[in-house]
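# What the coordinates show
One letter stands for each residue in the lines below.
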Amino acid sequence: MALPYLLLDIDGVLIPFPAADGSTPPTHVLHNVLPTGRHPDDSVHVWLDPGRGQLLTGLLASGLVAPVWCTSWRKDATTIIGPLLGLPDFPYLDLPRPQITTSHPDGYLWKRNHVDPWLGTAPAVWIDDDFTPADHTWATERTARGYPTLLVQPDPCIGLLPEHIVATRLWAEGTTNRTQAPVSGRPPVSHAAVPTTAVFGRVTQ
């Protein structure tokens, strides 16, 4: 039986954006990292909460979802962010680097142009802070066609919370119980391919 995908963003989900006063959640620890392609003198500060890693590890250990990074960190998600959070190794979508000035050039999250054809008919829960109403409409319509889709949208200044994991787990349990046949139309992911119904849900915080 194919598992639903868990598509996981990083910025605004695992790395919160500073609040208006420049503060970050007190649970998060500062790390100095060097993403691929940056000069050694041009490192990046990121704030990560080990507790969020534990939340995700518990979800992944349930065997209910097949995790895939869906982030502009691309391979660095597997080599930098994942290890800092104590997460198991899992693949990433090798997203392009579009020349855009907004993350919603067509009124919806730019990643969707690449996620939608990649998913094919696979069920998926997608955690990202940057969805628009058009993305939620897409998810509703996708579910109506028989491809269950859950969008989970954390507050970008807070990030992933336990209730998001609970909602994801409940949705995945329902999806797995209803899935009777393998899905098709899914190109491979980078780094290590993972194979992959329920009711559409929108979870925001």
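So, here is what we can say about the structure in this document. (Residues numbered from 1 in each chain as written. Predicted model: local features only at pLDDT ≥ 70, side-chain atom pairs only at ≥ 80, totals over all residues. Heavy atoms only, no water.)

Our focus in this paragraph is the overall build of the protein chain. A tally of regular secondary structure across the protein chain gives five helices and seven strands. Seen in sequence order, the protein chain has helices and strands lined up from the N terminus as β-β-β-α-β-α-α-β-α-β-α-β. Across the 205 residues that make up the protein chain, the buried fraction comes to 47%. (Helix = DSSP H or I, 4+ residues; strand = E, 2+ residues; numbered from the N terminus. Buried < 20%, exposed > 50% of the residue type's maximum accessible area, 1.4 Å probe, protein only.)

Quick look at the pattern of salt bridges now. Under the counting rule described, the total for this entry stands at five salt bridges. Here Lys111 makes a salt bridge to Asp9, at a shortest N to O gap of 3.0 Å. Residue Lys111 is located in the loop between α2 (76-84) and α3 (112-119), and its partner Asp9 is located in the loop between β1 (5-8) and β2 (29-33); the two are separated by 102 residues in the primary sequence. Each member of the pair, Lys111 as well as Asp9, carries the same accessibility label: buried. (Salt bridge = Lys/Arg side-chain N within 4 Å of Asp/Glu carboxyl O.)

Following the sequence through the fold, Arg142 ends up in helix α4 (residues 133-144). Although Arg142 lies buried, it forms no salt bridge, and the closest oppositely charged side chain, Asp116, sits 4.1 Å away as judged by the N-O distance. At a separation of 2.7 Å, a polar atom in the side chain of Arg142 contacts the main-chain carbonyl oxygen of Ala122. (Lys, Arg positive; Asp, Glu negative; His and termini not counted. Polar contact = N/O pair within 3.5 Å; in protein donor to acceptor, adjacent residues only side chain to side chain.)

Non-glycine residue Arg74 carries a positive phi angle of around 50°. Along the polypeptide, Arg74 turns up in the loop between β4 (66-69) and α2. Residue Arg74 is classed as buried on the basis of its relative accessible area of 8%.

What follows covers α4. Between its first and last C-alpha atoms α4 spans 17 Å; for 12 residues at 1.5 Å apiece the expected length is 16 Å, and the two agree. Asp135, His136, Trp138, Ala139, Arg142 and Thr143 are the residues of α4 that are buried. Along the long axis of α4, the arc covered by the buried residues comes to 155°, so they all point the same way. Every exposed residue of α4 that faces more than 90 degrees away from the buried side is listed here: Pro133 and Ala144. Following α4 by one or two positions, Gly146 has its phi on the positive side, about 100°. (Expected span 1.5 Å × (residues − 1). Arc of directions from axis to C-beta.)

Time to look at the environment of Tyr147. Position of Tyr147 relative to the elements: it lies in the loop between α4 and β6 (149-153). Residue class for Tyr147 comes out partly exposed when judged on its relative accessible area of 24%. Apart from residues no more than four positions distant in its own chain, Tyr147 is found in contact with Gly120, Thr121 and Arg142. (Contact = heavy atoms within 4.5 Å.)

Because side chains alternate across β1, one face comprises the buried residues Tyr5 and Leu7, and the other comprises Leu6 and Leu8, equally buried. In the sheet, β1 pairs with β4 via four bridges, with the strands oriented parallel. Residue pairing across strands places Leu7 opposite Val68, the latter belonging to β4. Where β1 and strand β5 (residues 124-127) come together, four bridges link them in parallel fashion. Within β5, the position partnered with Tyr5 by the bridge is Ala124. (Pairing = 2+ DSSP bridges.)

Let us look at α3. For α3, every residue scored as buried is listed here: Arg112, Val115, Trp118 and Leu119. Considered in projection along α3, the buried side chains sweep an arc of 135° and stay on one side of the axis. Considering only its buried residues, α3 is in contact with β1, β4, β5 and α4. Of the residues flanking the end of α3, it is Gly120, one or two places downstream, whose phi is positive at about 60°.

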